[in-house]
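Descriptive analysis of the structure
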Amino acid sequence: MASNNQSTQRLFFALWPAPALRGQLADLNRQLPVTTGKPVMPENLHITLQFLGSVTDTQYQQLVHTTPACQAPSFTLHLDRLGYFPKAQVLWIGARETPPALQQIVHCLGSIMTDCGLQPDTRPYHAHLTLQRKVKKPLLDFQLDSFAWPVTGFVLVRSDTRAEGVKYDILHQWSLQTTD
């Protein structure tokens with residue numbers, strides 16, 4: 001909990017798609033049959049690694065200082081399945097298999113969160129990218145081509161809810177180890 005003299009910001013760690021992949025995912029969203037869902041704006045497409053919630057200035061400084069310790073090799077993430085979270089009414093695209101390097105990053109970030117006094121998600125991690133919200137009926141029989149995402153880093157993002165919708169700002173980014 002923030003003390004009275006510390007401001008907070010709402011943060012999360014994420015994989016952030018390069019512009020070309022972001023465009024492909026936005027095209028996919030436009031190709032999906034019409035539902036009652038609301039498409040996520042292309043500039044907001046991402047895969048959450050760890051949601052931090054409200055973070056104080058002190059916690060933020062500690063996160064920025066310690067996150068470079070989360071090292072893993074770069075990898076390719078294959079987005080090859082559509083899914084639906086009925087309670088959240090979310091249609092998503094995700095990976096049938098989570099690469100070990102991705103699991104390593106998520107685990108490391110969770111440890112850093114704990115060290116900073118934050119509570120990481122303890123559920124098993126499944127990489128997914130939200131395509132549409134407020135979906136009443138999922139369209140899971142859509143013929144989906146696999147998207148290969150060469151993951152070379154991850155980011156720390158601030159979430160700012162505004163009247164016109166949520167806005168995300170990348171605050172920091174970290175590169176993964178390149179393989180020769």
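Everything discussed here concerns the structure shown above.
Numbering of residues starts from 1 in each chain and follows the order in which that chain's sequence is written. Only residues with pLDDT of at least 70 are given local features in this predicted model, and only at 80 or more are side-chain atom pairs given and counted; all residues enter the totals for whole chains, interfaces and linings. Side-chain metrics in this entry use all non-hydrogen atoms of the structure; hydrogen atoms and water are not considered.

1. Thoughts on the nonpolar core
Residues belong to one nonpolar core when they are buried, are Ala, Val, Leu, Ile, Met, Phe, Trp, Tyr or Cys, and are joined through side-chain atoms within 4.5 Å. Buried means the residue's accessible area, taken with a 1.4 Å probe over protein chains only, is under 20% of the maximum for its type, while exposed means over 50%, and partly exposed covers the values in between. One finds Leu49, Leu77, Ile93 and Phe154 to be the most contacted residues of the largest nonpolar core, which totals 47 residues. Residues within four places of Leu77 in sequence aside, it is in contact with Leu15, Ile47, Ala95, Glu97, Pro99, Leu102, Ala127, Phe147, Ala148, Trp149 and Val151. Ranked by size, the runner-up nonpolar core spans 5 residues in total, among them Ala14, Val155, Val157 and Tyr168. In this description, contact between two residues means that some pair of their heavy atoms is separated by no more than 4.5 Å.

2. So, the side chain of Asp169
Helix and strand labels come from DSSP, where a helix needs a run of H or I of at least four residues and a strand needs a run of E of at least two; each type is numbered from the N terminus. For Asp169, the position within the fold is in strand β10 (residues 165-175). For the purposes of these results, a polar contact is taken to be a pair of N or O atoms within 3.5 Å, where, inside protein, one atom must be able to donate a hydrogen and its partner to accept one; residues adjacent in sequence count only when each atom of the pair is a side-chain atom. At 2.8 Å, the side chain of Asp169 forms a polar contact with the side chain of Lys167. With near-sequence residues (within four places) excluded, Asp169 lies in contact with Leu156, Val157 and Arg158.

3. Overview of the pattern of salt bridges
The working definition used for a salt bridge is a side-chain nitrogen of Lys or Arg within 4 Å of a carboxyl oxygen of Asp or Glu. Going through the model one piece at a time under the given rule, you end up with 5 salt bridges. Where Arg30 meets Asp27, a salt bridge forms, and the shortest distance between an N and an O atom there is 2.3 Å. Placement of the pair is Arg30 and Asp27 together in helix α1 (residues 19-31), with a separation of 3 residues, close to one helical turn. A relative accessible area of 59% places Arg30 in the exposed class.

4. Observations regarding the sheet that holds strand β3 (residues 47-56)
The 4 strands are arranged β3-β1-β9-β10 in an open sheet whose pairing can be described as antiparallel. Each having just a single partner strand, β3 and β10 make up the two edges of the open sheet. For this sheet, the mean inter-axis angle between neighbouring strands, taken without regard to orientation, is 25°. Two strands are counted as paired when DSSP detects at least two bridges linking them. Relative to strand β9 (residues 153-162), strand β1 (residues 8-15) runs antiparallel, the two being bridged by 5 bridges. Its bridge partner being in β9, Ala14 is matched across the sheet by Val155. Here an angle of 0 to 180 degrees is reported between the N-to-C directions of two axes, which are lines fitted to C-alpha atoms, with helices fitted over the stretch in contact. The sheet contacts of helix α2 (residues 57-66) involve β1, β3, β9 and β10, and relative to β3 the element is tilted by about 140°.

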